Amino acid sequence: MRSALAVFFTLLFLPCLTTAQIQLPPVASPIKKIPIAVAVLKAKGDLSVYGKNFTDVLKNDLTNAALFDVRQVNILFSSPFEDIDFEYLDAQKTRYLVSGNFDVSPREVSYDLIVYDVPGRQERMRRKYVASPRHIRNVVHKFAGELMRELAGLDGFFDSEIVFVRRDGHGSDLFIMDYDGHSAKRLTNHGSSVLSPDCSPDGSQVVFTSDRSWDHDVYLLNFKATRLPAEGERITRGIHLDNSPSWSPDGRRMAFSRNGDIYIASSSGEILKRLTKSPSIDISPTWSPDSRKIAFVSDRAGAPNIYVISSEGGRAVRITSEGYNTDPVWSPSPSVNRIVFVKVKKSEADIYAVGPDGRGQQRLTSSGRNEHPSWSPDGHYITFSSKRLGKRQIYIMYLNGENKLPLSRGKNDSFSTWCVK
């Protein structure tokens with residue numbers, strides 16, 4: 001085991017559609033947002049709280065998506081088509097209006113939702129949903145996703161979940177929450193140092209690193225089929241430092257670092273290939289969308305930098321320079337094909353993005369200490385941890401760095417990973 005490994009490890013993990021209506025922006029240009037108004041839904045009765053709650057959650061979803069300009073018009077309640085003041089909405093330069101109504105029975109709420117094209121004075125889309133009162137948020141997230149597909153041409157992320165690390169005075173554990181920070185619950189109860197979770201492509205399992213058994217090992221937790229909180233299954237053993245596991249896009253393999261080299265293993269932890277072998281420290285692997293390449297961190301040129309290598313092995317190509325670069329994560333979208341990473345300069349840390357050939361490097365954050373990036377399942381959004389408001393929380397931003405908003409509600413949350421639901 002290399003003498004520098006423990007020092008490097010400590011530094012690295014310091015706490016710290018129909019036709020689309022908009023052209024998705026290049027990574028460095030401002031977003032041209034869709035102006036949209038959301039009416040408070042009307043009830044067939046006096047249970048208006050279900051309408052206001054629906055509207056509030058939908059507005060929050062569309063705001064988090066970065067692609068919509070959610071208009072703050074005067075209090076606007078849903079109305080029949082003939083009573084809608086389209087001229088007022090036109091004057092506000094509103095492109096679309098979300099309207100509708102709902103009905104409540106003892107066991108369920110039924111929603112009838114309409115999206116109007118304001119300039120065209122016509123219905124653009126209509127959806128109906130039925131759900132129990134405790135699942136209304138799920139209905140809103142589903143509708144937001146269909147609305148985003150219809151108007152922006154992207155699948156969205158509203159019905160996804162986020163696994164993250166929450167630290168307290170007794171150690172750290174994994175938690176899971178809805179993408180917008182609601183319904184957080186504990187996944188593990190390790191009472192130790194838990195790091196670097198990565199959710200499987202099907203959203204049912206998470207791999208992570210823990211020092212529960214003295215040295216660092218990779219654990220696997222099936223949180224869809226296990227009573228929680230749980231310890232998870234320890235899938236690497238022996239006197240090794242095993243850390244930073246990363247699923248392949250097909251979910252059949254994972255890459256991880258063992259004693260400073262990159263290995264590829266089966267989903268159960270069986271070693272399949274040793275990818276790197278050098279006196280340097282190689283860590284934090286991440287797969288390309290087609291599984292043909294892996295990016296990772298290495299100090300083989302002195303300071304840690306990001307390298308790319310074929311998943312079959314061979315020569316690694318350096319794609320970053322200048323400073324301390326770490327935590328690479330490759331977008332799962334082939335059309336995006338960007339790698340986000342963390343650049344550390346003195347006491348500051350910021351999220352950057354770069355092409356897999358090292359071109360087009362772009363700084364995405366510039367305030368506070370920003371670390372641990374993760375891509376949404378559609379590959380267009382990034383979560384990261386930041387202390388910009390004093391306590392460390394999980395934030396979301398669009399792929400070009402716009403629309404940074406907090407999601408989690410803890411005092412020390414980090415290491416987020418997106419999961420499909």
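All of the points below concern the structure found in this document. Everything numeric in this text was worked out from a predicted model, so none of it was measured. Residue indices begin from 1 for each chain and proceed along its sequence in written order. Local features in a predicted model are, by the rule used here, given only for residues with pLDDT of at least 70; side-chain atom pairs are given and counted only at 80 or more, and totals for whole chains, interfaces and linings are based on all residues. With hydrogens and water excluded, all non-hydrogen atoms of the structure serve as input to the side-chain values.

## Regarding the state of the cysteines
Selection criterion: Criterion for a disulfide: a pair of cysteine sulfur atoms within 2.5 Å. Comment: elements are numbered from the N terminus, with helices defined as DSSP H or I runs of at least four residues and strands as E runs of at least two. In this scheme, a residue with accessible area under 20% of its type's maximum is buried, one over 50% is exposed, and one in between is partly exposed, where area comes from a 1.4 Å probe on protein chains only.
Here the structure, examined in full by the defined rule, presents one disulfide. The disulfide partner of cysteine 199 is cysteine 419, and the gap between their sulfur atoms is 2.2 Å. Classification of the bridge connecting cysteine 199 and cysteine 419 rests on its S-S torsion, roughly 120 degrees, and on that basis the disulfide is right-handed. Of this pair, cysteine 199 sits in strand 10 (residues 194-199) while cysteine 419 sits in strand 30 (residues 413-419), and the two are 220 residues apart along the sequence. Judged by its relative accessible area of 8%, cysteine 199 falls in the buried class. The class for cysteine 419 is buried, based on a relative accessible area of 0%.

## Thoughts on the nonpolar core
The test is simple: Buried Ala, Val, Leu, Ile, Met, Phe, Trp, Tyr and Cys residues that are joined via side-chain atoms within 4.5 Å together make up what is termed a nonpolar core. Pairs of residues are marked as contacts when any of their non-hydrogen atoms sit within 4.5 Å.
Judged by nonpolar contacts, the single largest core of 63 residues is most densely connected at Phe54, Phe68, Phe143 and Tyr381. The greatest single-element share of this core, amounting to nine residues, is contributed by helix 4 (residues 136-152). Not counting residues within four places of it along the chain, the set of residues in contact with phenylalanine 143 comprises Phe54, Leu58, Val98, Leu113, Val115, Met125, Arg127 and Tyr129. With 16 residues, the next largest nonpolar core counts Ile176, Phe223, Phe415 and Cys419 among its residues.

## Some remarks on the pattern of salt bridges
As a reminder, the rule being used: Counted as salt bridges are all cases of a side-chain nitrogen of Lys or Arg within 4 Å of a carboxyl oxygen of Asp or Glu.
All told, the structure shown has 26 salt bridges when counted by the stated rule. Notably, a salt bridge pairs aspartate 413 with arginine 166, separated by 2.8 Å at the nearest N-O pair. Remark: arginine 166 occurs in strand 7 (residues 161-168) and aspartate 413 occurs in strand 30; sequence separation between them is 247 residues. Using a relative accessible area of 23% as the deciding quantity, one classes arginine 166 as partly exposed. Residue arginine 234 pairs with aspartate 215 through a salt bridge whose shortest N-O separation is 4.0 Å. Of this pair, arginine 234 sits in strand 13 (residues 233-234) while aspartate 215 sits in the loop between strand 11 (205-210) and strand 12 (217-222), placing them 19 residues apart in sequence. When its relative accessible area of 7% is taken as the criterion, aspartate 215 is described as buried.

## Things to note about the packing of helix 2 (residues 49-64) against helix 4
Here is the rule: Only the contacting stretch of a helix is used when fitting its axis, a line to C-alpha atoms as for every element, and angles between N-to-C directions run 0 to 180 degrees. Reported orientations rely on four angle classes, namely roughly parallel under 35 degrees, roughly antiparallel over 145, roughly perpendicular from 65 to 115, and oblique for the rest. Each crossing is labelled by how the near helix is turned from the far one, with a counterclockwise turn of less than a right angle marking it left-handed and a clockwise turn marking it right-handed. Three categories are distinguished: nonpolar for Ala, Val, Leu, Ile, Met, Phe, Trp, Tyr, Cys and Pro, charged for Asp, Glu, Lys and Arg, and polar for the others, with Gly belonging to the last.
Running from amino to carboxyl end, helix 2 crosses helix 4 at an angle of 45 degrees, the nearest separation of the two axes being 9 Å. Classified by the interaxial angle, the pair formed by helix 2 and helix 4 is oblique. Relative to helix 4, the crossing made by helix 2 is right-handed. Residue-level inspection shows Tyr50, Phe54, Val57, Leu58, Asp61 and Leu62 of helix 2 in contact with helix 4, the latter providing Ile136, Arg137, Val139, Val140, His141, Phe143, Ala144 and Leu147. Here the residues of the contact of helix 2 with helix 4 are counted per class, giving eleven nonpolar, one polar and two charged.

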